[in-house]
Each structure stands twice: as C-alpha cells, then as structure tokens.
Amino acid sequence: MTWKRHARNVEQFLQCALDALRGDLDGILDAEQILATALQDPADEQGIVSWVITFGWAERAVDGADGSSPMIRLTPLGVARAQELRDHPHSRADRETYLHYVLPRWAYQSARSGDWASLQTFAACDQWWFRGAAMTWGEVDAAVSYLEDKGILKVQRAPGVNATHIAPTAAGIDFVLSKKMLRTFMTNQRPDFRADRETYLHNVLPRWAYQSARSGDWASLQTFAACDQWWFRGAAMTWGEVDAAVSYLEDKGILKVQRAPGANATHIAPTAEGIDFVLSKKMLRTFMTNQRPATQRVTNYYGNNSNYVHGDAPGSNLATGGGNTQTVNQGIDAQGLAALVAQLRAIAPNLGLSPQDAEDFNQDIDELERDGADPQSGGRIFRRLLRMVPPELVAAGTDQGLAATIAFGTSLFGG
C-alpha cells in the first residue's frame, strides 16, 4: 500500500470513528467495527491503529489480551482532526466509487431473492453517509443509472421521477459475491474474458478430475460445481462453458467422458495422455505443442556444395557452399508468447500492486510482448515480472490464474 493511500484510509477511519461516537466524545470504540464501517481491509487494522495513536489522535482504552482488536478512544486532538476532515469536501470520484461499490451490496442484502429494495430505505441507513458527509439524491440517482448501464442493477422508476427501487442483476450478484471493486470486476468481464475462462477450464478440469477420482474411477461434474474451482476471478462458471470445455478436452484425448442419454457430460476422468498432462505441470497449449510428432527431416549432402531437403522444413536455416558454419537460434513460440502476455495482463489487476508498481508491471508486459521472442531477453523480463508478484500470493496458491500463468511462463522460458 502506498503512503498516500494509507493516509486516506487513516482519515476515513477517523471520520467513521467520530460518527460511531454519536455525540459521546468519551466513548470507547472497537477498532475492528470502525474498520468494517469504513469498508477497509482487516489486514490494515494494526497499521491504521498504530498511526492514529502515534499522531495522538487516539489512545488505547482496552487491549485484547487474546490478540483481538483493541478498543480505542479518540483524543480531543483526534476529534478535532476528524471534524476538520469532515469540513473539507471529498472528491466526486471518491464519492462515486463508494456508491458504485455499496449500492449493489446494499440492494443484495436488503431485498429478498427476486424482490426490490427501496431507495428511501437506503437514505435512512448508515451507508447514506460517506466519511461523515451525507449523499445527495442527485449523486445516488447518477450512480444507479451508471450501474444500470453496466448491467449491475435493474431499476424501477415512477413516471417522470428518479429511480425508486433497485435490485442486483445476475451480473450484479456475481459482483457482490466477488468481493472486488467494480473497476476490477468489470475488467474481468471484457470481451476477451471468454478466452481466459476457456483456458482456465482446459487447464483445471483435468487436474481436478485427477485429484478427485481414484485410479480408474470417474469424477462427478456435480461435485465440480460445488468446489472452489467452479469460480474464476469472482465469476461462476456456467454449465454451457463446462460442457464445451469437456467436449474440447475429449476431442484432444485428455479426458474420457460419461454422458446421460440425450444430456450433457455427467462424469469425467483423465486418459493416459491426460495424466501425462497433469503430471507435466504445463499449460495445455504448451503440453499439446510438445506432443506433436516431428515433421521435419533435413539431409545435408556434402560433395557438390549443395544441401538437399526432404520434406517440409519451415523456419530452417539453409546454407550452400563449402565449409559453412551456422549458429541456429531457436526462438520462443509466437502463439505461446502471445498467450502468456494475455494471461499476465489478465492477472495484473488482481495482484494488489501499488499504482507505481502496477505501471512498472504493465510496462514490463509490453516489453515482454515486444522482445520476448528472444529466449534470453524474454526469460530475463519474465523473471523480473515474477519478482514483482507479492510472495504471499504465490505462497497461498489459491489464485488458479496466477499459478497457471507462472507455470506456463516457466515452461516457455525454461525456468
């Protein structure tokens, strides 16, 4: 987290703490609850509490002996600072970002499945306030219209007036469950996201089947629908996508499939080649490329300064004349490099990098796209990109897209 962003979080924390006091300036506050009200990451609690105490804006009232969140009390200096911050208007962008995030979640929580949530109720709840300042109906209606255009909310309007009721669409529910900011979620919904989802399924289904079924047994796809792998970057798979991926993998000889009469696939299991693919720890595209039989045969005939080529030899280096010496540089597969670049751009928004690191990361991706055909240059750039990935994300191993990208890049550039 950058220093500037941390400072903004501290300011938001202070204002939410002041709101929670409700006029009782000597009241004791639970830091964890204030953090939740401010929509901040619980992992930042220690840093934020340490900051406000260091600056004299708060003091510890009770320290949890069991390691629980501390109870704090705002000092007079902290109250004055919070009130000062409240008197300064916040940027339009901050307020709009807040509404884009909170409105779909409030509607999801407030309305029963299939029902509508009244915006009059929203005006009476805590979410109507942002960093100590109330929203306006103009801001809310603009945010609702924006979310409607993005396919996140469906809206009811009275004739000639603004929105009166809202409810999340299917995409809106996916957004809420993703726990992402709207910008990140919408990035993952771009048109080429379909290719990313297909690539994900092509790589995860054989591995899931191998892990889920005993040797010689079958894995039920109903079980797959209930596991974490059914979700990709906060969005659930569909049965149509899964069945298409299963058919593709069956055609490629990676999976064998059981189908109910007249229905889609019900059970899958890896073939012998599918097991080889799983154990290779490679991306499917790289694995299948390596499985292709050699189709080139070159015969050098010495005696009359000529070379004879039997069969196709695309991309070969040919020399005529006597006593020639050639150095043949094997370049990186262009399609593989393009796939790796696409995967890196897809995972970049989810790495939690600072703005400066994110800019550097994207510049390195551009450099990899431009110079990565050379194995030495490409390998150096790829290793530089890996060093920018937060180690805790790699260690956790929970992001299938990140793990697959690292494995693919490593296989492409040889480690």
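Here the residue index of a chain counts from 1 through its sequence in written order. Only residues with pLDDT of 70 or above have their local features reported here, since the model is predicted, and side-chain atom pairs are shown and tallied only from 80 upward, although totals for entire chains, interfaces and linings are computed over all residues. Side-chain calculation: all heavy atoms of the structure are included, whereas hydrogens and water are not.

Trainee: I'd like a description of the sheet that holds strand 13 (residues 265–270), backed by residues and values.
Mentor: A pair of strands is labelled paired if DSSP reports no fewer than 2 bridges between them. Counting from the N terminus, the helices are DSSP H or I runs at least four residues long and the strands are E runs at least two residues long. Strand order in the open sheet formed by three strands is 9-13-12, with antiparallel pairing between adjacent strands. A single partner strand is all that each edge strand has here, and the edge strands are strand 9 (219–220) and strand 12 (255–259). Examined bridge by bridge, strand 12 and strand 13 share five bridges and lie antiparallel to one another. Within strand 13, the residue paired with Lys 256 across the bridge is Ala 269. The contact definition used throughout considers only heavy atoms, calling two residues in contact when any of these lie within 4.5 Å. All axes here are fitted lines through C-alpha atoms, helices being fitted over the stretch that makes contact, and every angle between N-to-C directions spans 0 to 180 degrees. Lying over the sheet, helix 12 (residues 239–251) contacts strand 12 and strand 13, oriented at roughly 130° with respect to strand 12.

Trainee: Describe in detail the environment of Asn 162, supporting the description with residues and values.
Mentor: Here Asn 162 shows up in the loop between strand 7 (153–157) and strand 8 (163–168). Spatially, the C-alpha atom of Asn 162 lies 9.6 Å from that of Val 144, the residues being 18 residues apart in sequence. Excluding anything up to four places from it in sequence, Asn 162 contacts Asp 141 and Arg 157.

Trainee: Which residues make up empty space enclosed by the protein, and what values go with them?
Mentor: Using a 1 Å grid laid over the protein atoms alone, points where a 1.4 Å probe fits but cannot get out form a cavity; open sets with protein on both sides within 12 Å along at least 5 of 7 lines form a pocket; any residue with an atom within 4 Å of a point counts as lining. Grid points are joined across faces, edges and corners, and a volume is the space filled by probe spheres set on the points. According to the stated counting rule, one finds one cavity of 30 Å³ or more in the structure shown. Empty space within the largest cavity amounts to approximately 40 Å³. Forming the boundary of the largest cavity are Leu 344, Ile 347, Phe 361, Leu 385, Leu 386, Val 389, Leu 402, Thr 405 and Ile 406. Those elements that provide at least two residues to the lining of the largest cavity are helix 15 (334–347), helix 17 (375–388) and helix 19 (400–413). Think of it as three bins: nonpolar holds Ala, Val, Leu, Ile, Met, Phe, Trp, Tyr, Cys and Pro, charged holds Asp, Glu, Lys and Arg, and polar takes everything else, Gly as well. For the lining of the largest cavity, a count of residues per class yields eight nonpolar, one polar and no charged.

Trainee: Got a sec to walk through the packing of aromatic side chains? Specific residues and values, please.
Mentor: Aromatic rings from Phe, Tyr and Trp, taking only the six-membered ring of Trp, are treated as a pair when their centres fall within 6.5 Å; an angle between ring planes under 30 degrees marks them as stacked, one over 60 as edge-to-face, and anything in between as tilted. Taken as a whole, this structure holds ten aromatic pairs when the rule is applied. Note on Phe 277 and Phe 287: the rings are 5.5 Å apart at their centroids and 55° apart in plane angle, and the pair reads as tilted. Of the two residues, Phe 277 is situated in helix 13 (residues 272–280) and Phe 287 in helix 14 (residues 284–291); the sequence distance between them amounts to ten residues. Residue class for Phe 277 comes out buried when judged on its relative accessible area of 0%. Assessed through its relative accessible area of 4%, Phe 287 is described here as buried. One cation-aromatic arrangement involves Lys 154 over Trp 116; the distance from NZ or CZ to the ring centre is 5.8 Å. Sitting over the ring of Trp 218, Lys 256 keeps its end group 5.8 Å from the ring centre. Partly exposed residues are those whose accessible area sits between 20% and 50% of the maximum for their type, while under 20% is buried and over 50% is exposed, using a 1.4 Å probe and protein chains only. Lysine NZ or arginine CZ positioned within 6 Å of the ring centre and within 35 degrees of the ring normal marks a charge as sitting over the ring.

Trainee: Before we move on, can you summarise the side chain of Asp 30 with the specific residues and values?
Mentor: Within the secondary structure layout, Asp 30 lies in strand 1 (residues 29–30). Despite being buried, Asp 30 has no salt bridge partner; Arg 60 is the closest side chain of opposite charge, sitting 10 Å away. For this analysis, a polar contact is any N or O atom pair within 3.5 Å, provided that within protein one partner can donate a hydrogen and the other can accept it, and provided that sequence-adjacent residues contribute only side-chain to side-chain pairs. Among the polar contacts listed, one links the side chain of Asp 30 to the backbone nitrogen of Glu 32, at a separation of 2.9 Å. The charge count includes Lys and Arg as positive and Asp and Glu as negative, but it does not include His or the ends of the chains. The salt bridge criterion pairs a side-chain nitrogen of Lys or Arg with a carboxyl oxygen of Asp or Glu, the two atoms within 4 Å.

Trainee: Got a sec to walk through the nonpolar core? Specific residues and values, please.
Mentor: The nonpolar side chains of soluble globular proteins are, as a tendency, buried together. Put simply, a nonpolar core is a bunch of buried Ala, Val, Leu, Ile, Met, Phe, Trp, Tyr and Cys residues held in one set by side-chain atoms that sit within 4.5 Å of each other. Leu 201, Leu 205, Leu 221, Phe 224 and Ile 268 are the most contacted members of the largest nonpolar core, which totals 28 residues. Elements with a minimum of two residues in this core: helix 10 (193–212), helix 11 (221–225), helix 12, strand 12, strand 13, helix 13 and helix 14. Residue contributions to this core peak at six residues, all from helix 10. Each residue touching Leu 221, except ones within four places of it in the same chain, is listed here: Leu 205, Trp 208, Trp 239, Val 242, Val 246, Ala 265, Thr 266 and Ile 268. If you look at the next biggest cluster of nonpolar residues, it comprises 26 residues, including Leu 99, Met 135, Val 140 and Ala 163.

Trainee: Requested: an account of the pattern of salt bridges, with residues and values cited.
Mentor: As enumerated under the stated definition, the model contains eleven salt bridges in all. Glu 11 serves as the salt-bridge partner of Arg 81, at 3.4 Å between the closest nitrogen and oxygen. In this pair, Arg 81 is assigned in helix 4 (residues 76–87) and Glu 11 in helix 1 (residues 3–21), connecting sequence segments 70 residues apart. Arg 157 serves as the salt-bridge partner of Glu 148, at 3.0 Å between the closest nitrogen and oxygen. Since its relative accessible area comes to 38%, Arg 157 is described here as partly exposed.

Trainee: Give a description of the pairing of strand 7 that names residues and reports values.
Mentor: Within a regular beta strand, the side chains point alternately toward one face of the sheet and then the other, so they alternate between its two faces. As defined by bridge partners, strand 7 adjoins strand 8 across five bridges and the pair is classed as antiparallel. Residue pairing in the sheet places Arg 157 in a bridge with Ala 163 of strand 8. Where strand 7 folds back on strand 8, the antiparallel hairpin that results is connected by five residues, among which Gly 160 adopts a positive phi of roughly 80°.

Trainee: If you had to explain the pairing of strand 3 (residues 71–74) to someone new, which residues and values would you point to?
Mentor: Alternating positions in strand 3 separate cleanly, Ile 72 and Leu 74 being buried on one face and Met 71 and Arg 73 remaining unburied on the opposite face. Here strand 1 runs beside strand 3; their pairing, made up of two bridges, is antiparallel. Within the sheet, the bridge partner assigned to Leu 29 lies in strand 3 and is Ile 72. Of the pairings in the sheet, the one linking strand 2 (residues 58–62) to strand 3 comprises four bridges and is antiparallel in character. Looking at the pairing, Arg 60 lines up with Ile 72 of strand 3.

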